[in-house]
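Coordinate analysis (summary)
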Amino acid sequence: MLSENNRDLQASFFFLFVSLLSFPLIFSFIEGGQMAEVSPFFWPIMAASLMLLFSVVSLSKEMKQGERIELKGLVLSLAASKKQYIFLVLALIYIQSMEFFGFLLSSMVSLPVFLFYFGSRKKGLNLVISVVFVGVVFYCFSVFFKISFPKWNL
Amino acid sequence: MELLDVFYSILTISNILFLCLGVIGGMIGGALPGISPSMTIALLLPMSLYLPTSNAIMLLIGAYQGAMYGGSISAILINTPGTASAAATAFDGYEMARQGKTGKAIGMSLAASCSGGFIASIMLIILAKHLALVSLKFGPAEYFGIMLFALTLIAGVCGDNLLKGLMAATLGLLLATVGMDPVVGTERLTFGLFNLYDGFSMLSVFIGVFALSEILVQLRTPGKDLDTTPEILDYRQDRLTFKEYWSQKWNILISGIIGCFIGILPGLGGSTASFIAYAEAKRRSKTPEKFGTGIIDGVAAAESANNGVCGGALIPMLALGIPGDVVTAILIGAFVAQGIKPGPLLFTQNLKDVYAIYFGLILSIIALFIIGMLALRFIAKIVSIKKSILFPCVFMLCVVGTYSARGNLFDCLMMILFGLFGYFLRRHKFQIAPFIIAYILGPEVELNYRLALRISDMNYLTFIQKPISLFFIVFTVLFVVFSVFKKKVFKQWVSKGTN
Amino acid sequence: MLKLKSVVVGVVILALFLGIGLLGTRIEANEYPSKPIEMVVPYAPGGGTHIAAEILVPGAEEFLGQPLQISTKPGAGGAIGATYVAKSKPDGYTLLYTTLSLAIAPYLGKVGYNIDDFVGIAQCSDVAAVIAVKADSPWDNAKDIQEWVKENPGKFSWAHPGVGSSLHIQGANAFFEMGVLKDTKDVPFKGTAPGVAAVLGGHVQAISTFLPAIAENVKAKQLKVIGVGGPSRLPELPEVKTFQEQGYPAMLTSWRGVFASKNTPPEILKKLEMSFAQIISSDPYKERSVKLGEPLVYKNMSEFTSMLRRDSQAMETLLKNMGLYKQ
């Protein structure tokens, strides 16, 4: 079991990493303006610097309390979220598929999959819920709120 | 007396009918994630053009109040703020629902919404012209002062682990800079993706960090357990008692006033108001560490403030013709089409219409309360749906909602990313509040800072030369010093006590 | 036994899904239009452009034969919606309703379309921007401002609703013609409302806006308009001179109109041009546009398209001078 504090340590490292990474990103992906009194760089640099400061302070506090980096713990903690990763991959597939198959078809096929994944084992019920729910949502949003959904596009 | 004449003419069957229709429509639109209050009003606008004036006023004002309340419904039930202004409600509202106090949460949300709306309406009726003039005194330097103070309230929201909160907040600040630079128009951190030209869709961030992260967290429970019908407390136990409501009276009053005041300032709306009220309530509270764990104060503050915005935003709209927020901007169009011309001459030329709007506001609150109470029992039943069915459907709704805002699937992909991010934040026991508040308030601070400097030709002293701005900056500094001092004194007192 | 049954059930259901999915498409009939036409508005729902597009809808069913479905795809100053239309099938079922921003956006950054991807179907309106100042300020016309700014460079600030917005460009155009653009400071607010508040509160000196937003304030003598951009004076303010009359030819106006993809078959383009011409010249439409405050200005396909190209070239020069030009 990972201790609370090791999680904090990991988190501090994460923020440290992000803040360090953001500096090169900021310099390559922000364009300065010609007529800027206060440069567009100012705010992001300030935010990144503060993040750096806070993460270093937090890291040193954690280290002082005797925590060391446990690589194995880190890997274990990341791996513990397998179920979540699979779900996210499924979600990405679903969203991408809408571009090709259109909203209705993608949703009516994907929702039963998600229902099953979340534990609902009654396949018949799943299918009925999918069709009804997606149909109602589609009708509501496209007729009342005039949202145009992705269409079949092959 | 003209006032009474207008009152009697307002109380017609058709007016009441359209009022209720508006409230219901607004509630539904507000509750659906992705459908913002402005979208809901925008959709009712064409309908209102064909209606007689008083019906149109009733419909639109009812929808406005309904939508500001409606967002809290989905925030509390499924941790998906239906509107940006309900995000602060989700912090504590959803926790309350998880503890089985759904009825209390929704009840408090309704009561606070109505109270906040009422307070703002009174302020509107009594002080409209004066408050409008106050709002004009706020230019970029003054906005900067207020937003800076609001931003430092984050420190109060961070709870025990200040450093964690600050790290999350700075990340929020950084992520908020993605998009077109608001002053110069160049691209910042868009990586050449022109879908990011306007930054992340606010819904991607909100829905991702709140709802999707919750769904991911729920996946830690095995499927078997998710597939069981949850127990619901007896309705009689799980409702808001008058005592609980009354215990929040000062909170609601102050939050409503905050909401009204933020509404007065053009460009700031429900989300800003509810976050400030939430953070302020936490700062005032005797038990600030309970915020975020399901304390009723959080819900009361957020909801009172966001309905307070309704009344507040109408003030500059009616008195000056300047809309106080996005929805009132649309309302101006609707009113103009009806022949009501909001502006400085409105009070002298069309006083009757003004009275009609006032009465519409008050009546809309009454209608909201009644309809809300009736809907409450029905709404709370949603908690009794099996989680294995509820969450996939919520996920689908999230996708649809995120897509609806800008009509592109890229936002949905971003939502997934933010969901993952929110999940890891929660796993590492970070609070979401500092991140979200910094994300929303940060850009305001930056924009106004830069505009103030641009206007004053890089004269940094401008912040000190303008009295209102000076006031807020000094207040902020004092506040920071005082809180640090308070913490140090408190620690010394605790250690003395244990010795 | 059980397995076969579930397979059959599965196939039937899959067929059902495919059928429903295909509902999104309809088999193309020979006659255009045979299904509803999508018109994309690349701005936020409820905004001015959206509402202006909506008033075309009632006439569409009558003159076009099929309903017009408005969808909003806001973002990137109109570029997101424009790109969507540019990339969609050029079959005449996806149209674009947009403003001058179509010509502006490509010069501000990378967008997913070229001006040449579009052909104008019909211009619906044309709105002139005005420059307004507080009523008690010492300037009564453009010349007063010009002289003051020359004596006090860097102290004159004017508000507009956002970088790259047509009001930004139109305002800058006016100051550019006055020769003082570089000595003024443009202040981008989040929309028109905070800008109007800023002028009234004395935080900025002037604002570039459309008249409806400040009409009531002008009537109440809180603000005064010192010039109108464009070829003619505003009917609501007959005594206010245009910039051109004052000697500064600032002629840029913000038009709104319908566009289609360039590769759409010519017969369909012709049909669209004719139908929209009918819609716009119909009395109900004229009434609605008056109520909305949209000055009705119509141009047909060739005129509108050439105006688009012309304005686009003018943009290049202007934006270079404003320091906003990219590429």
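Residues numbered from 1 in each chain as written. Chains lettered and ligands numbered in written order. Predicted model: local features only at pLDDT ≥ 70, side-chain atom pairs only at ≥ 80, totals over all residues. Heavy atoms only, no water.

1. Observations regarding the overall build of chain A
Formally: Counting from the N terminus, the helices are DSSP H or I runs at least four residues long and the strands are E runs at least two residues long. Throughout, the radius of gyration refers to the C-alpha atoms, and the reference size of a globule is 2.2 Å times the residue count to the power 0.38. Whether a residue is buried, partly exposed or exposed follows from its accessible area with a 1.4 Å probe, protein chains only, as a fraction of its type maximum: under 20%, in between, or over 50%, in that order. It only takes one pair of heavy atoms within 4.5 Å for two residues to be counted as in contact. Charge counting follows a simple rule: Lys and Arg are positive, Asp and Glu are negative, and His as well as the terminal groups are ignored. Here the site of a charge means NZ on Lys, CZ on Arg, CG on Asp, or CD on Glu.
Counting secondary structure elements, chain A contains 5 helices and 0 strands. Listed N to C, the secondary structure of chain A is α-α-α-α-α in terms of helices and strands. For chain A, the C-alpha radius of gyration of 23 Å lies well beyond 15 Å, the compact-globule estimate for 154 residues. Projected onto its principal axes, the C-alpha positions of chain A cover 55 × 55 × 25 Å. Counting every position in chain A, which comprises 154 residues, the buried fraction comes to 43%. The contacts of chain A with a sequence gap of at least 6 include a subset with a gap of at least 24, amounting to 62%. One finds the centroid of the 12 positive side-chain charges in chain A at a distance of 17 Å from the centroid of its 8 negative side-chain charges.

2. Here's the deal with the environment of Ala52(C)
All names here are of chain C. Within the secondary structure, Ala-52 sits in helix α2 (residues 48-54). The buried category is assigned to Ala-52, whose relative accessible area is 1%. Residues Ala-52 and Arg-288 lie 236 residues apart in sequence; the distance between their C-alpha atoms is 9.2 Å.

3. Digging into the pairing of strand β8 (residues 206-210) of chain C
All names here are of chain C. Put simply, the rule is: Each pair of strands is called paired provided DSSP finds at least two bridges between the two strands.
In terms of burial, β8 is largely enclosed, as 5 of its 5 residues are buried. Burial of the side chains of β8 extends over both faces: Ala-206, Ser-208 and Phe-210 are buried on one face and Ile-207 and Thr-209 on the other. As paired strands, strand β5 (residues 129-134) and β8 are joined by 5 bridges and run antiparallel to one another. Opposite Ala-132, over in β8, you have Ile-207 as the bridge partner. Where strand β6 (residues 156-160) meets β8, 2 bridges bridge the pair, whose relative direction is parallel. Across the sheet, the residue bridging to Trp-158 is Ala-206, located in β8.

4. Thoughts on the interface of chain B and chain C
Formally: Accessible area, probed at 1.4 Å, shrinks when two parts are joined; the buried area is that loss added up over both. One side-chain nitrogen of Lys or Arg within 4 Å of one carboxyl oxygen of Asp or Glu is enough to make a salt bridge. As used in this structure description, the phrase polar contact means that two N or O atoms lie within 3.5 Å; if the pair is within protein, one of them must be able to donate a hydrogen and the other to accept it, and residues adjacent in sequence are counted only when both atoms belong to side chains. Gly is put with the polar residues, along with every residue not named as nonpolar or charged; the nonpolar set is Ala, Val, Leu, Ile, Met, Phe, Trp, Tyr, Cys and Pro, and the charged set is Asp, Glu, Lys and Arg.
Contacts between chain B and chain C engage 47 residues on the former and 43 residues on the latter. In total, about 3600 Å² of surface goes out of reach between chain B and chain C, with carbon and sulfur atoms giving 61% of it. Considering only the side of chain B, the residues that lose the most area to chain C are Phe194(B), Arg454(B) and Ile455(B), jointly responsible for 17% of the buried surface there. At the boundary of chain B and chain C, one finds 3 salt bridges. Linking Glu444(B) and Lys190(C) is a salt bridge whose minimum nitrogen-to-oxygen distance equals 2.3 Å. Linking chain B to chain C there are 8 residue pairs in polar contact (both at pLDDT 80 or more). Partitioned by chemical class, the residues of the side of chain B that touches chain C number 27 nonpolar, 10 polar and 10 charged.

5. What about the domain arrangement of chain A?
Rules: Domain boundaries shown here were taken from an automatic or database domain assignment.
Taken as a whole, chain A is organised into domain 1 (4-79) and domain 2 (82-144). On a C-alpha basis, the centres of domain 1 of chain A and domain 2 of chain A stand 37 Å from each other.

6. Thoughts on the packing of helix α3 (residues 57-64) of chain C against helix α10 (residues 266-281) of chain C
Residue and element names in this part refer to chain C. What counts is decided by this rule: Angles run from 0 to 180 degrees between N-to-C directions of axes, and those axes are lines fitted to C-alpha atoms, restricted for helices to the stretch in contact. For classification purposes, an angle smaller than 35 degrees is called roughly parallel, one larger than 145 roughly antiparallel, one from 65 to 115 roughly perpendicular, and anything else oblique. Crossing handedness: left-handed means the near helix sits turned counterclockwise from the far one by under a right angle, and right-handed means the same turn made clockwise.
Direction vectors running N to C along α3 and α10 enclose 125°, while the axes themselves pass 9 Å from each other. Taken together, the axes of α3 and α10 are oblique relative to one another. In this structure, α3 meets α10 at a crossing whose hand is right-handed. Where α3 approaches α10, its residues Gly-59, Ala-60, Phe-63 and Leu-64 are matched on the opposing element by Lys-271, Leu-272, Ser-275, Gln-278 and Ile-279. Taken together, the residues of the contact of α3 with α10 break down into 5 nonpolar, 3 polar and 1 charged.

7. Considerations on the interface of chain A and chain B
At the interface, 75 residues of chain A touch 68 residues of chain B. For the pair chain A and chain B, the summed buried surface comes to about 6200 Å²; carbon and sulfur atoms form 78% of the total. Between chain A and chain B we count 0 salt bridges in total. Joining chain A to chain B, the criterion identifies 6 residue pairs in polar contact (both at pLDDT 80 or more). Elements that contribute at least two residues to the side of chain A that touches chain B include exactly α1 (4-29), α2 (42-64), α3 (71-79), α4 (82-117) and α5 (123-144) of chain A. Top element by residues in the side of chain A that touches chain B is α4(A). It accounts for 18 residues.

8. Considerations on the environment of Ser101(C)
Residues and elements named next belong to chain C. Here Ser-101 is to be found in helix α5 (residues 101-108). Along the sequence, Ser-101 and Leu-308 sit 207 residues apart, while their C-alpha atoms lie 11 Å from each other. Residues in contact with Ser-101, not counting those within four places in the same chain, are Tyr-43, Gly-77, Gly-78 and Tyr-113.

9. Remarks on the packing of helix α5 (residues 87-98) of chain B against helix α9 (residues 202-218) of chain B
Residue and element names in this part refer to chain B. The interhelical angle for the contact between α5 and α9, taken along N-to-C directions, is 20°, at an axis separation of 11 Å. Judged by the inter-axis angle, α5 sits roughly parallel to α9. The interaxial crossing formed by α5 with α9 has right-handed handedness. Contacts between α5 and α9 involve Ala-87, Ala-90, Phe-91, Tyr-94 and Arg-98 from the first element and Phe-206, Phe-210, Glu-214 and Gln-218 from the second. Among the residues making up the contact of α5 with α9, the classes are represented as 6 nonpolar, 1 polar and 2 charged.

10. Description of the nonpolar core
Here is the rule we go by: Note on terminology: a nonpolar core comprises buried Ala, Val, Leu, Ile, Met, Phe, Trp, Tyr and Cys residues joined through side-chain atoms within 4.5 Å.
In this structure, Phe87(A), Phe395(B) and Ile436(B) are the most contacted members of the largest nonpolar core, which totals 247 residues. By residue number, the principal contributor to this core is helix α20 (residues 432-455) of chain B, which donates 16 residues. In this structure, this core is formed jointly by two domains, domain 1 (4-79) and domain 2 (82-144) of chain A, each of which donates at least three residues. What Phe87(A) contacts, discounting residues up to four positions off in sequence, is Phe114(A), Tyr117(A), Phe118(A), Leu212(B), Ile215(B), Leu216(B), Leu219(B) and Phe395(B). If you look at the next biggest cluster of nonpolar residues, it comprises 51 residues, including Ala86(C), Ala206(C), Ala250(C) and Leu308(C).

11. Here's the deal with the side chain of Asn126(A)
Residues and elements named next belong to chain A. Within the element layout of this structure, Asn-126 appears in helix α5. The class of Asn-126 is buried, set by a relative accessible area of 2%. Excluding anything up to four places from it in sequence, Asn-126 contacts Pro-112, Leu-115, Phe-116 and Ser-120.

12. Some remarks on the sheet that holds β6(C)
Residues and elements named next belong to chain C. Read from one edge to the other, the open sheet built from 5 strands follows the order β7-β6-β8-β5-β9, with strand pairing classed as mixed. Because the sheet does not close on itself, it has two edges, and the strands there are β7 (184-188) and β9 (223-228). Taking the axes of each pair of neighbouring strands and ignoring which way they run, one obtains an average angle of 30° across the sheet. Taken together, the 5 bridges between β6 and β7 define a ladder with parallel strand orientation. Across the sheet, Ser-157 pairs through a bridge with Lys-185, a residue of β7.

13. Quick notes on unusual backbone geometry
Residues and elements named next belong to chain B. Residues other than glycine seldom take positive phi values, yet Asp-457 does so here, at roughly 65°. Positionally, Asp-457 belongs in the loop between α20 and α21 (462-465). A positive phi angle is found at Met-458, which is not glycine, with a value near 65°. Inspection of the secondary structure puts Met-458 in the loop between α20 and α21. Here Met-458 falls in the partly exposed class, since its relative accessible area comes to 27%.

14. Quick look at the packing of aromatic side chains
Each aromatic ring pair is characterised by the separation of its centres together with the angle its planes make. Just so we agree on the cut-off: Each aromatic pair joins two rings of Phe, Tyr and Trp (for Trp, the six-membered one) with centres within 6.5 Å, and gets the label stacked for planes under 30 degrees apart, edge-to-face for over 60, and tilted for any other angle.
The full count for this structure, using the stated rule, is 49 aromatic pairs over all chains. With 6.3 Å between their ring centres and 55° between their planes, Tyr94(A) and Phe395(B) make a pair best called tilted. With Tyr94(A) in helix α4 and Phe395(B) in helix α18 (residues 387-406), this pair bridges two chains. Take Tyr94(A) and Phe395(B): they sit in the same class, and that class is buried. When the centroid spacing of 5.4 Å and the interplanar angle of 40° are considered together, the rings of Phe138(A) and Phe149(A) count as tilted. Of this pair, Phe138(A) sits in helix α5 while Phe149(A) sits in the segment after α5, placing them 11 residues apart in sequence. Overall, Phe138(A) belongs to the partly exposed group, its relative accessible area being 27%.

15. Some thoughts on empty space enclosed by the protein
In this approach, a probe sized like a water molecule rolls over the atoms, and the result shows the empty space that is left. To keep things clear, this is the line we draw: In this analysis, the protein atoms alone were mapped onto a 1 Å grid. Cavities are point sets where a 1.4 Å probe fits without being able to get out; pockets are open sets with protein on both sides within 12 Å along at least five of seven lines; lining residues have an atom within 4 Å of a point. Grid points are joined across faces, edges and corners, and a volume is the space filled by probe spheres set on the points.
On inspection of all chains with the given rule, the structure shows 5 cavities of 30 Å³ or more. Here the second largest cavity is characterised by a volume of approximately 130 Å³. Lining of the second largest cavity is provided by 16 residues; of these, Tyr143(B), Pro266(B), Asn448(B), Phe189(C) and Pro194(C) occupy positions nearest its centre. Counting only elements with at least two residues in the lining of the second largest cavity, the list comes to α7 (140-157) and α20 of chain B together with α8 (192-200) of chain C. Ranked by residues supplied to the lining of the second largest cavity, first place goes to α20(B) with 4 residues. Taken together, the residues that form the lining of the second largest cavity break down as 11 nonpolar, 3 polar and 2 charged.

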